[in-house]
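Structural description and commentary
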Amino acid sequence: MSIAADLGMECFTAESHASRAYLETINAITFTDEDIEVEHPDHRRPLYLMATINGVQVRRALVNTGASLNLIVLSTSEAVGLTGRRILGAPMEITGFGGLAESTEGYVQLALRVGPIVALTRFHVINSEVSYHVLLGRLWLYKHHLIPSTYHQCVKGRLNGKPVRIPANHNPFSQGEVNFMETMFYDELEPDDKSPTPGTPGAPVLKKKEGGNNPRSQETAGSWVHQAHSTSQVASNIVPVKKRNGQIRCCVDFRNLNKACTKDEFPLPNIDLLVDSIVGSSMFSFMDGYSGHNQIRMATKDAEKTAFRTPIGNFYYTVIPFGLKNARATYQRTMIAIFIDMMHKEMEDYVDDVVVKSKTKAGHLQVLEQVFERCRTYKLRMNPMKCAFGMFARKFLGFLVHHKGISVDPAKAMAIATMKRPTQGSSKASLGGSPTSEGLCQD
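Predicted model, so just to flag it, every value in this text is computed and none were measured.

If you add up the space inside the second largest pocket, you get close to 1500 Å³. If you trace the second largest pocket, you find 41 residues lining it, with K243, R249, D288, F322 and K386 closest to the centre. Contributions of two or more residues to the lining of the second largest pocket are made by β15 (248-252), β16 (283-288), β20 (353-358) and β22 (393-396). Sort the elements by how many residues they give to the lining of the second largest pocket and β15 lands first, with 5 residues. Among the residues making up the lining of the second largest pocket, the classes are represented as 21 nonpolar, 9 polar and 11 charged.

What follows is about the packing of aromatic side chains. Under the definition given, this model contains 5 aromatic pairs. On the numbers, 6.1 Å between centres and 35° between planes, the contact of F284 with F286 is tilted. Taking relative accessible area as the criterion, F286 reaches 4% and is therefore assigned buried. With 5.8 Å between their ring centres and 75° between their planes, F372 and F389 make a pair best called edge-to-face. Here F389 lies in strand β21 (residues 388-391) and F372 lies in helix α8 (residues 361-377), a separation of 17 residues in the sequence. Of the residues examined, F372 reaches a relative accessible area of 34% and is grouped as partly exposed. Given the relative accessible area of 42%, F389 is considered partly exposed.

A word on the side chain of T76. Along the chain, the position of T76 falls in helix α2 (residues 74-79). At 3.4 Å, the side chain of T76 and the backbone oxygen of H133 are in polar contact.

For strand β7 (residues 117-126), the tally of buried residues reaches 7 of 10 residues, placing the bulk of the element in the interior. Alignment of strand β3 (residues 71-73) against β7, held across 3 bridges, turns out to be parallel. Looking across to β7, one finds that L71 is bridged to H124. The pairing of strand β6 (residues 106-114) with β7 spans 9 bridges and is classified as antiparallel.

Moving on, we come to the sheet that holds β16. Strand pairing in a sheet takes place through backbone hydrogen bonds and is either antiparallel or parallel in direction. Overall, antiparallel pairing links the 4 strands, which are arranged β19-β20-β16-β21 in an open sheet. Both edges of this open sheet fall to β19 (347-350) and β21, since each of them pairs with a single strand only. Neighbour-to-neighbour, the strand axes of the sheet open up by a mean angle of 15°, direction not taken into account. Pairing of β16 with β20 involves 6 bridges; the strand directions are antiparallel. Of the residues in β20, the one forming a bridge with F284 is K357.

Glancing now at the pairing of strand β1 (residues 48-53). With respect to burial, β1 is a largely interior element, 5 of its 6 residues being buried. The sheet contact formed by β1 and strand β2 (residues 56-63) spans 5 bridges and is antiparallel. Bridge assignment links Y48 to a residue of β2, and that residue is L62. Hairpin connection between β1 and β2: a loop of 2 residues separates the two successive antiparallel strands, and N54 in this loop has a positive phi of roughly 55°. Of the pairings in the sheet, the one linking β1 to β6 comprises 2 bridges and is antiparallel in character. In the sheet register, T52 faces β6, and the bridge partner there is R113.

Cut-offs applied
Residues numbered from 1 in each chain as written. Predicted model: local features only at pLDDT ≥ 70, side-chain atom pairs only at ≥ 80, totals over all residues. Heavy atoms only, no water. 1 Å grid on protein atoms, 1.4 Å probe; cavity = no way out; pocket = protein on both sides within 12 Å on 5 of 7 lines; lining within 4 Å. Points joined across faces, edges and corners; volume = space filled by probe spheres on them. Helix = DSSP H or I, 4+ residues; strand = E, 2+ residues; numbered from the N terminus. Nonpolar A, V, L, I, M, F, W, Y, C, P; charged D, E, K, R; others polar. Phe/Tyr/Trp six-rings, centres within 6.5 Å; stacked < 30°, edge-to-face > 60°. Buried < 20%, exposed > 50% of the residue type's maximum accessible area, 1.4 Å probe, protein only. Polar contact = N/O pair within 3.5 Å; in protein donor to acceptor, adjacent residues only side chain to side chain. Pairing = 2+ DSSP bridges. Axes fitted to C-alpha atoms, helices over the stretch in contact; angles between N-to-C directions.

Rendered as C-alpha coordinates:
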(Lines give C-alpha, C1' and ligand atoms only; values in the text may rest on other atoms or scores of the structure.)
Protein backbone atom coordinates (compact mmCIF):
# COMPACT_ATOMS: atom_id res chain seq x y z
CA MET A 1 0.00 0.00 0.00
CA SER A 2 1.39 3.42 -0.90
CA ILE A 3 0.44 7.05 -0.48
CA ALA A 4 0.74 9.34 -3.52
CA ALA A 5 3.79 11.59 -3.44
CA ASP A 6 2.06 14.36 -5.36
CA LEU A 7 -0.08 15.04 -2.31
CA GLY A 8 3.00 16.14 -0.40
CA MET A 9 2.94 13.15 1.92
CA GLU A 10 5.51 10.51 2.71
CA CYS A 11 5.56 7.53 0.36
CA PHE A 12 6.00 4.09 1.87
CA THR A 13 5.14 0.48 1.19
CA ALA A 14 3.85 -2.27 3.44
CA GLU A 15 7.01 -4.28 2.69
CA SER A 16 9.38 -1.53 3.88
CA HIS A 17 7.35 -0.71 6.98
CA ALA A 18 5.69 -3.99 7.91
CA SER A 19 5.49 -3.19 11.59
CA ARG A 20 2.00 -2.26 12.72
CA ALA A 21 3.49 -0.25 15.58
CA TYR A 22 5.24 2.02 13.08
CA LEU A 23 2.08 2.52 11.04
CA GLU A 24 0.20 3.57 14.16
CA THR A 25 2.68 6.36 14.84
CA ILE A 26 1.68 8.18 11.64
CA ASN A 27 -1.71 9.47 10.61
CA ALA A 28 -2.58 6.50 8.37
CA ILE A 29 -5.07 3.66 8.43
CA THR A 30 -3.75 0.45 6.94
CA PHE A 31 -4.81 -3.18 6.64
CA THR A 32 -2.22 -5.95 6.63
CA ASP A 33 -2.35 -9.76 6.72
CA GLU A 34 -2.20 -9.54 10.52
CA ASP A 35 -5.70 -8.02 10.47
CA ILE A 36 -7.37 -10.95 8.72
CA GLU A 37 -9.92 -12.37 11.17
CA VAL A 38 -10.78 -15.58 9.31
CA GLU A 39 -8.84 -18.82 8.94
CA HIS A 40 -9.31 -19.07 5.19
CA PRO A 41 -8.63 -15.91 3.16
CA ASP A 42 -10.88 -17.18 0.35
CA HIS A 43 -14.00 -16.38 2.37
CA ARG A 44 -17.25 -14.70 1.38
CA ARG A 45 -18.43 -13.39 4.72
CA PRO A 46 -20.29 -10.11 5.05
CA LEU A 47 -19.03 -7.71 7.72
CA TYR A 48 -21.24 -8.13 10.82
CA LEU A 49 -20.32 -6.19 13.97
CA MET A 50 -21.55 -6.60 17.53
CA ALA A 51 -23.55 -3.57 18.68
CA THR A 52 -25.56 -2.43 21.70
CA ILE A 53 -28.89 -0.59 21.40
CA ASN A 54 -30.80 0.45 24.53
CA GLY A 55 -28.65 -1.90 26.59
CA VAL A 56 -29.49 -4.92 24.42
CA GLN A 57 -26.70 -6.62 22.51
CA VAL A 58 -27.39 -7.35 18.84
CA ARG A 59 -25.26 -9.78 16.89
CA ARG A 60 -25.73 -8.61 13.34
CA ALA A 61 -24.95 -4.96 12.65
CA LEU A 62 -24.17 -5.14 8.93
CA VAL A 63 -21.62 -2.65 7.61
CA ASN A 64 -22.56 -1.69 4.04
CA THR A 65 -20.66 1.04 2.20
CA GLY A 66 -23.23 0.92 -0.59
CA ALA A 67 -26.05 2.18 1.67
CA SER A 68 -26.58 5.90 2.14
CA LEU A 69 -28.80 5.42 5.22
CA ASN A 70 -28.72 3.53 8.51
CA LEU A 71 -31.56 1.00 8.75
CA ILE A 72 -33.17 -0.94 11.58
CA VAL A 73 -35.65 -3.77 11.16
CA LEU A 74 -39.02 -3.22 12.83
CA SER A 75 -38.80 -6.51 14.75
CA THR A 76 -35.38 -5.47 16.08
CA SER A 77 -36.68 -2.10 17.25
CA GLU A 78 -39.50 -3.85 19.13
CA ALA A 79 -37.06 -6.33 20.69
CA VAL A 80 -34.94 -3.50 22.12
CA GLY A 81 -38.01 -1.88 23.67
CA LEU A 82 -38.89 0.73 21.04
CA THR A 83 -42.62 1.38 20.65
CA GLY A 84 -44.26 2.52 17.43
CA ARG A 85 -45.10 5.89 18.96
CA ARG A 86 -41.41 6.83 18.97
CA ILE A 87 -41.11 6.49 15.18
CA LEU A 88 -40.74 10.00 13.75
CA GLY A 89 -41.00 11.55 10.32
CA ALA A 90 -42.93 10.47 7.26
CA PRO A 91 -42.42 7.27 5.24
CA MET A 92 -39.67 7.52 2.64
CA GLU A 93 -39.08 5.42 -0.44
CA ILE A 94 -35.69 3.74 -0.62
CA THR A 95 -34.20 1.71 -3.44
CA GLY A 96 -32.29 -1.49 -2.74
CA PHE A 97 -30.09 -3.80 -4.76
CA GLY A 98 -31.67 -4.54 -8.13
CA GLY A 99 -33.71 -1.33 -8.17
CA LEU A 100 -36.54 -2.62 -5.96
CA ALA A 101 -38.30 0.19 -4.11
CA GLU A 102 -39.50 -0.07 -0.49
CA SER A 103 -41.04 2.43 1.92
CA THR A 104 -39.71 3.05 5.41
CA GLU A 105 -41.93 3.45 8.48
CA GLY A 106 -40.12 6.66 9.50
CA TYR A 107 -36.98 7.13 11.58
CA VAL A 108 -35.85 6.82 15.19
CA GLN A 109 -32.95 8.25 17.20
CA LEU A 110 -31.17 5.55 19.21
CA ALA A 111 -28.08 5.40 21.40
CA LEU A 112 -25.77 3.07 19.49
CA ARG A 113 -22.56 1.57 20.82
CA VAL A 114 -20.18 -0.27 18.52
CA GLY A 115 -16.87 -1.11 20.15
CA PRO A 116 -15.63 2.06 21.90
CA ILE A 117 -17.79 4.35 19.73
CA VAL A 118 -21.00 5.60 21.36
CA ALA A 119 -23.26 8.12 19.63
CA LEU A 120 -26.90 9.02 19.05
CA THR A 121 -27.67 7.55 15.64
CA ARG A 122 -30.61 8.00 13.29
CA PHE A 123 -32.08 4.78 11.90
CA HIS A 124 -34.79 4.50 9.27
CA VAL A 125 -37.24 1.72 10.18
CA ILE A 126 -38.09 -0.97 7.62
CA ASN A 127 -40.59 -3.79 7.97
CA SER A 128 -38.81 -6.52 6.01
CA GLU A 129 -37.37 -9.98 6.54
CA VAL A 130 -33.63 -9.52 6.10
CA SER A 131 -30.55 -11.25 7.47
CA TYR A 132 -29.32 -8.28 9.54
CA HIS A 133 -30.70 -6.61 12.66
CA VAL A 134 -29.39 -3.15 11.84
CA LEU A 135 -27.55 -1.82 8.81
CA LEU A 136 -24.77 0.75 9.21
CA GLY A 137 -24.28 2.74 6.04
CA ARG A 138 -22.00 5.53 4.88
CA LEU A 139 -23.58 8.06 7.26
CA TRP A 140 -22.32 6.17 10.30
CA LEU A 141 -18.91 5.44 8.75
CA TYR A 142 -18.29 9.00 7.62
CA LYS A 143 -19.51 10.53 10.88
CA HIS A 144 -16.92 8.59 12.88
CA HIS A 145 -14.18 8.60 10.20
CA LEU A 146 -14.12 4.80 9.94
CA ILE A 147 -12.82 2.59 7.15
CA PRO A 148 -14.21 -0.96 6.85
CA SER A 149 -12.54 -3.96 5.22
CA THR A 150 -14.86 -6.85 4.48
CA TYR A 151 -11.88 -8.98 3.44
CA HIS A 152 -10.04 -8.38 6.73
CA GLN A 153 -13.32 -8.61 8.71
CA CYS A 154 -12.76 -5.47 10.76
CA VAL A 155 -13.31 -1.71 10.88
CA LYS A 156 -10.53 0.78 11.61
CA GLY A 157 -10.38 4.46 12.47
CA ARG A 158 -9.23 6.93 15.10
CA LEU A 159 -10.90 8.03 18.30
CA ASN A 160 -9.43 10.97 20.21
CA GLY A 161 -6.23 10.64 18.20
CA LYS A 162 -5.74 6.95 19.03
CA PRO A 163 -6.19 4.06 16.59
CA VAL A 164 -9.43 2.08 16.88
CA ARG A 165 -9.99 -1.42 15.55
CA ILE A 166 -13.42 -3.10 15.74
CA PRO A 167 -13.37 -6.81 14.80
CA ALA A 168 -16.26 -8.63 13.18
CA ASN A 169 -18.60 -10.94 15.04
CA HIS A 170 -17.57 -14.46 14.04
CA ASN A 171 -20.77 -16.14 15.30
CA PRO A 172 -23.59 -13.86 14.12
CA PHE A 173 -26.16 -16.61 13.50
CA SER A 174 -27.87 -19.17 15.72
CA GLN A 175 -28.81 -22.73 14.85
CA GLY A 176 -32.43 -21.65 14.40
CA GLU A 177 -31.52 -19.19 11.65
CA VAL A 178 -30.23 -21.60 9.02
CA ASN A 179 -32.83 -20.29 6.58
CA PHE A 180 -30.46 -17.38 5.90
CA MET A 181 -28.03 -18.19 3.09
CA GLU A 182 -25.13 -16.43 4.86
CA THR A 183 -24.98 -19.18 7.53
CA MET A 184 -22.97 -21.36 5.11
CA PHE A 185 -20.07 -18.91 5.46
CA TYR A 186 -19.61 -19.58 9.20
CA ASP A 187 -18.04 -22.59 10.91
CA GLU A 188 -20.10 -22.38 14.11
CA LEU A 189 -23.66 -21.38 14.94
CA GLU A 190 -24.80 -20.19 18.36
CA PRO A 191 -27.22 -22.47 20.29
CA ASP A 192 -30.90 -21.56 20.04
CA ASP A 193 -31.46 -21.41 23.78
CA LYS A 194 -29.79 -18.00 24.17
CA SER A 195 -32.42 -15.36 24.80
CA PRO A 196 -31.90 -11.58 24.48
CA THR A 197 -30.53 -10.49 27.83
CA PRO A 198 -29.62 -6.80 28.30
CA GLY A 199 -25.87 -6.32 28.46
CA THR A 200 -25.02 -9.93 27.66
CA PRO A 201 -22.37 -10.15 24.91
CA GLY A 202 -23.51 -12.18 21.96
CA ALA A 203 -27.15 -12.41 23.00
CA PRO A 204 -29.29 -12.48 19.86
CA VAL A 205 -32.21 -10.19 19.22
CA LEU A 206 -35.05 -12.60 18.60
CA LYS A 207 -38.78 -12.05 18.65
CA LYS A 208 -40.37 -14.46 21.11
CA LYS A 209 -43.02 -16.74 19.65
CA GLU A 210 -46.51 -16.81 21.07
CA GLY A 211 -47.95 -19.92 22.62
CA GLY A 212 -45.83 -20.52 25.73
CA ASN A 213 -42.50 -22.22 26.31
CA ASN A 214 -42.18 -25.58 24.61
CA PRO A 215 -39.40 -27.84 25.89
CA ARG A 216 -36.27 -28.06 23.80
CA SER A 217 -36.08 -31.13 21.62
CA GLN A 218 -33.68 -33.87 22.62
CA GLU A 219 -30.63 -33.96 20.36
CA THR A 220 -29.43 -37.31 19.06
CA ALA A 221 -27.59 -38.94 16.15
CA GLY A 222 -24.93 -36.28 15.83
CA SER A 223 -27.48 -33.44 15.66
CA TRP A 224 -28.97 -34.83 12.44
CA VAL A 225 -32.27 -35.73 14.11
CA HIS A 226 -34.19 -34.32 17.05
CA GLN A 227 -36.92 -35.94 19.07
CA ALA A 228 -40.28 -34.66 17.83
CA HIS A 229 -42.86 -33.08 20.12
CA SER A 230 -45.86 -35.18 21.10
CA THR A 231 -48.06 -32.68 19.22
CA SER A 232 -46.39 -33.39 15.87
CA GLN A 233 -49.10 -34.05 13.27
CA VAL A 234 -46.86 -35.65 10.64
CA ALA A 235 -44.97 -38.91 11.02
CA SER A 236 -43.73 -41.25 8.28
CA ASN A 237 -42.64 -44.88 8.39
CA ILE A 238 -39.08 -46.22 8.18
CA VAL A 239 -38.16 -48.58 5.31
CA PRO A 240 -34.78 -50.43 5.41
CA VAL A 241 -33.12 -50.63 1.99
CA LYS A 242 -30.06 -52.71 1.11
CA LYS A 243 -27.40 -50.76 -0.83
CA ARG A 244 -25.19 -52.21 -3.57
CA ASN A 245 -22.19 -52.33 -1.22
CA GLY A 246 -24.13 -54.51 1.24
CA GLN A 247 -24.84 -51.78 3.78
CA ILE A 248 -28.34 -51.10 5.05
CA ARG A 249 -29.80 -47.63 4.60
CA CYS A 250 -32.80 -46.68 6.71
CA CYS A 251 -35.04 -44.66 4.43
CA VAL A 252 -38.18 -42.79 5.40
CA ASP A 253 -41.33 -43.17 3.34
CA PHE A 254 -42.02 -39.53 2.44
CA ARG A 255 -44.60 -40.28 -0.27
CA ASN A 256 -47.46 -38.56 1.55
CA LEU A 257 -45.29 -35.55 2.41
CA ASN A 258 -44.06 -35.30 -1.19
CA LYS A 259 -47.62 -35.24 -2.48
CA ALA A 260 -48.33 -32.19 -0.33
CA CYS A 261 -45.16 -30.31 -1.37
CA THR A 262 -44.85 -28.01 -4.35
CA LYS A 263 -42.23 -29.19 -6.82
CA ASP A 264 -39.05 -27.14 -7.04
CA GLU A 265 -38.63 -26.44 -10.75
CA PHE A 266 -34.90 -25.74 -10.49
CA PRO A 267 -33.49 -27.61 -13.53
CA LEU A 268 -31.02 -30.46 -13.25
CA PRO A 269 -28.22 -30.49 -15.86
CA ASN A 270 -28.78 -32.26 -19.15
CA ILE A 271 -26.65 -35.41 -18.92
CA ASP A 272 -25.81 -35.53 -22.63
CA LEU A 273 -24.67 -31.90 -22.71
CA LEU A 274 -22.75 -32.36 -19.46
CA VAL A 275 -20.86 -35.40 -20.76
CA ASP A 276 -20.16 -33.71 -24.10
CA SER A 277 -18.61 -30.72 -22.30
CA ILE A 278 -15.98 -33.04 -20.79
CA VAL A 279 -14.64 -33.95 -24.22
CA GLY A 280 -11.27 -32.33 -24.93
CA SER A 281 -9.83 -32.72 -21.43
CA SER A 282 -6.91 -35.04 -20.77
CA MET A 283 -7.03 -35.57 -16.99
CA PHE A 284 -9.97 -36.03 -14.66
CA SER A 285 -10.75 -36.31 -10.96
CA PHE A 286 -14.07 -37.77 -9.86
CA MET A 287 -15.68 -36.99 -6.52
CA ASP A 288 -18.93 -37.89 -4.80
CA GLY A 289 -20.63 -35.92 -2.04
CA TYR A 290 -20.58 -37.64 1.35
CA SER A 291 -24.25 -38.12 2.32
CA GLY A 292 -24.80 -35.12 0.09
CA HIS A 293 -28.30 -34.04 1.09
CA ASN A 294 -27.47 -34.40 4.78
CA GLN A 295 -24.96 -31.55 4.50
CA ILE A 296 -27.75 -28.97 4.02
CA ARG A 297 -29.80 -27.88 7.02
CA MET A 298 -33.58 -27.91 7.01
CA ALA A 299 -35.44 -24.66 7.59
CA THR A 300 -36.53 -24.62 11.24
CA LYS A 301 -40.20 -24.09 10.41
CA ASP A 302 -40.24 -27.15 8.10
CA ALA A 303 -38.03 -29.55 10.06
CA GLU A 304 -40.82 -31.26 12.05
CA LYS A 305 -42.62 -32.12 8.81
CA THR A 306 -39.89 -34.75 8.25
CA ALA A 307 -40.88 -36.61 11.45
CA PHE A 308 -40.68 -40.42 11.35
CA ARG A 309 -41.70 -43.20 13.73
CA THR A 310 -39.32 -45.44 15.69
CA PRO A 311 -39.93 -47.92 18.55
CA ILE A 312 -38.53 -45.37 21.04
CA GLY A 313 -40.42 -42.33 19.78
CA ASN A 314 -40.87 -39.93 16.91
CA PHE A 315 -37.92 -37.98 15.51
CA TYR A 316 -37.39 -35.40 12.78
CA TYR A 317 -34.45 -34.36 10.65
CA THR A 318 -32.55 -31.12 11.10
CA VAL A 319 -30.82 -31.70 7.75
CA ILE A 320 -32.34 -32.55 4.37
CA PRO A 321 -33.01 -36.32 4.37
CA PHE A 322 -32.98 -38.63 1.37
CA GLY A 323 -36.36 -39.17 -0.23
CA LEU A 324 -37.73 -35.63 -0.23
CA LYS A 325 -39.12 -34.50 -3.58
CA ASN A 326 -37.00 -31.36 -3.81
CA ALA A 327 -33.79 -32.68 -2.23
CA ARG A 328 -31.94 -33.10 -5.54
CA ALA A 329 -32.95 -29.68 -6.85
CA THR A 330 -31.89 -28.05 -3.57
CA TYR A 331 -28.50 -29.78 -3.64
CA GLN A 332 -27.95 -28.83 -7.29
CA ARG A 333 -28.76 -25.19 -6.53
CA THR A 334 -26.28 -25.27 -3.63
CA MET A 335 -23.48 -26.74 -5.77
CA ILE A 336 -24.01 -24.11 -8.46
CA ALA A 337 -23.93 -21.34 -5.84
CA ILE A 338 -20.62 -22.67 -4.45
CA PHE A 339 -18.87 -23.34 -7.77
CA ILE A 340 -20.62 -20.84 -10.04
CA ASP A 341 -17.35 -19.42 -11.42
CA MET A 342 -15.90 -22.90 -12.15
CA MET A 343 -18.91 -24.62 -13.69
CA HIS A 344 -18.46 -25.71 -17.34
CA LYS A 345 -14.86 -24.48 -17.21
CA GLU A 346 -12.78 -26.50 -14.74
CA MET A 347 -15.51 -28.82 -13.45
CA GLU A 348 -18.92 -30.32 -14.09
CA ASP A 349 -21.53 -31.36 -11.54
CA TYR A 350 -24.69 -33.43 -11.54
CA VAL A 351 -26.23 -33.23 -8.05
CA ASP A 352 -23.54 -34.89 -5.88
CA ASP A 353 -21.42 -36.30 -8.74
CA VAL A 354 -18.48 -34.00 -9.48
CA VAL A 355 -15.80 -34.26 -12.15
CA VAL A 356 -12.81 -31.91 -12.22
CA LYS A 357 -11.20 -31.64 -15.66
CA SER A 358 -8.09 -30.08 -17.15
CA LYS A 359 -5.93 -30.28 -20.25
CA THR A 360 -2.59 -30.61 -18.43
CA LYS A 361 -1.33 -32.34 -15.29
CA ALA A 362 0.09 -29.15 -13.76
CA GLY A 363 -3.13 -27.30 -14.42
CA HIS A 364 -5.10 -30.16 -12.90
CA LEU A 365 -3.32 -29.84 -9.57
CA GLN A 366 -4.07 -26.12 -9.45
CA VAL A 367 -7.75 -26.69 -10.19
CA LEU A 368 -7.96 -29.42 -7.55
CA GLU A 369 -6.39 -27.11 -4.99
CA GLN A 370 -9.00 -24.47 -5.80
CA VAL A 371 -11.84 -26.98 -5.52
CA PHE A 372 -10.57 -28.31 -2.18
CA GLU A 373 -10.22 -24.77 -0.82
CA ARG A 374 -13.79 -24.02 -1.87
CA CYS A 375 -15.02 -27.24 -0.22
CA ARG A 376 -13.16 -26.32 2.97
CA THR A 377 -14.66 -22.83 2.97
CA TYR A 378 -18.23 -24.10 2.67
CA LYS A 379 -17.63 -27.27 4.72
CA LEU A 380 -18.59 -29.47 1.79
CA ARG A 381 -17.54 -33.07 2.40
CA MET A 382 -16.71 -35.73 -0.18
CA ASN A 383 -16.80 -39.51 0.20
CA PRO A 384 -13.18 -40.76 -0.08
CA MET A 385 -14.41 -44.27 -0.96
CA LYS A 386 -15.98 -42.92 -4.16
CA CYS A 387 -13.27 -40.45 -5.19
CA ALA A 388 -10.62 -41.02 -7.85
CA PHE A 389 -7.95 -38.42 -8.69
CA GLY A 390 -5.67 -37.95 -11.68
CA MET A 391 -7.57 -40.40 -13.89
CA PHE A 392 -7.37 -40.70 -17.68
CA ALA A 393 -10.60 -42.74 -17.98
CA ARG A 394 -13.52 -43.61 -15.72
CA LYS A 395 -17.27 -44.17 -15.74
CA PHE A 396 -19.33 -41.04 -15.24
CA LEU A 397 -23.14 -40.91 -15.40
CA GLY A 398 -23.36 -44.15 -17.39
CA PHE A 399 -20.63 -43.26 -19.91
CA LEU A 400 -16.94 -44.10 -20.13
CA VAL A 401 -15.11 -40.76 -20.11
CA HIS A 402 -11.49 -40.64 -21.35
CA HIS A 403 -9.00 -38.24 -22.93
CA LYS A 404 -10.09 -39.27 -26.44
CA GLY A 405 -13.77 -38.54 -25.82
CA ILE A 406 -16.66 -40.65 -24.53
CA SER A 407 -17.63 -44.27 -25.11
CA VAL A 408 -20.47 -46.58 -24.22
CA ASP A 409 -20.02 -48.38 -20.90
CA PRO A 410 -18.61 -51.83 -21.89
CA ALA A 411 -20.48 -53.53 -19.03
CA LYS A 412 -23.82 -52.27 -20.34
CA ALA A 413 -22.95 -53.23 -23.92
CA MET A 414 -21.99 -56.73 -22.75
CA ALA A 415 -25.25 -57.07 -20.80
CA ILE A 416 -27.27 -56.27 -23.90
CA ALA A 417 -25.15 -58.55 -26.15
CA THR A 418 -25.57 -61.53 -23.82
CA MET A 419 -29.27 -60.96 -23.14
CA LYS A 420 -31.40 -64.05 -23.85
CA ARG A 421 -34.03 -63.85 -26.56
CA PRO A 422 -37.48 -63.36 -24.99
CA THR A 423 -39.84 -66.25 -25.61
CA GLN A 424 -42.89 -65.54 -23.44
CA GLY A 425 -45.38 -62.75 -23.89
CA SER A 426 -44.59 -61.15 -20.53
CA SER A 427 -40.88 -61.05 -21.38
CA LYS A 428 -41.62 -59.42 -24.73
CA ALA A 429 -43.80 -56.80 -23.11
CA SER A 430 -41.11 -56.08 -20.51
CA LEU A 431 -38.51 -55.65 -23.24
CA GLY A 432 -40.73 -53.26 -25.16
CA GLY A 433 -41.49 -51.24 -22.05
CA SER A 434 -45.28 -51.42 -22.50
CA PRO A 435 -47.94 -54.16 -22.64
CA THR A 436 -49.06 -52.83 -26.06
CA SER A 437 -45.64 -53.62 -27.53
CA GLU A 438 -46.27 -57.37 -27.21
CA GLY A 439 -47.98 -57.44 -30.58
CA LEU A 440 -44.99 -55.78 -32.19
CA CYS A 441 -42.60 -58.58 -31.15
CA GLN A 442 -42.55 -61.68 -33.34
CA ASP A 443 -41.03 -65.04 -32.61
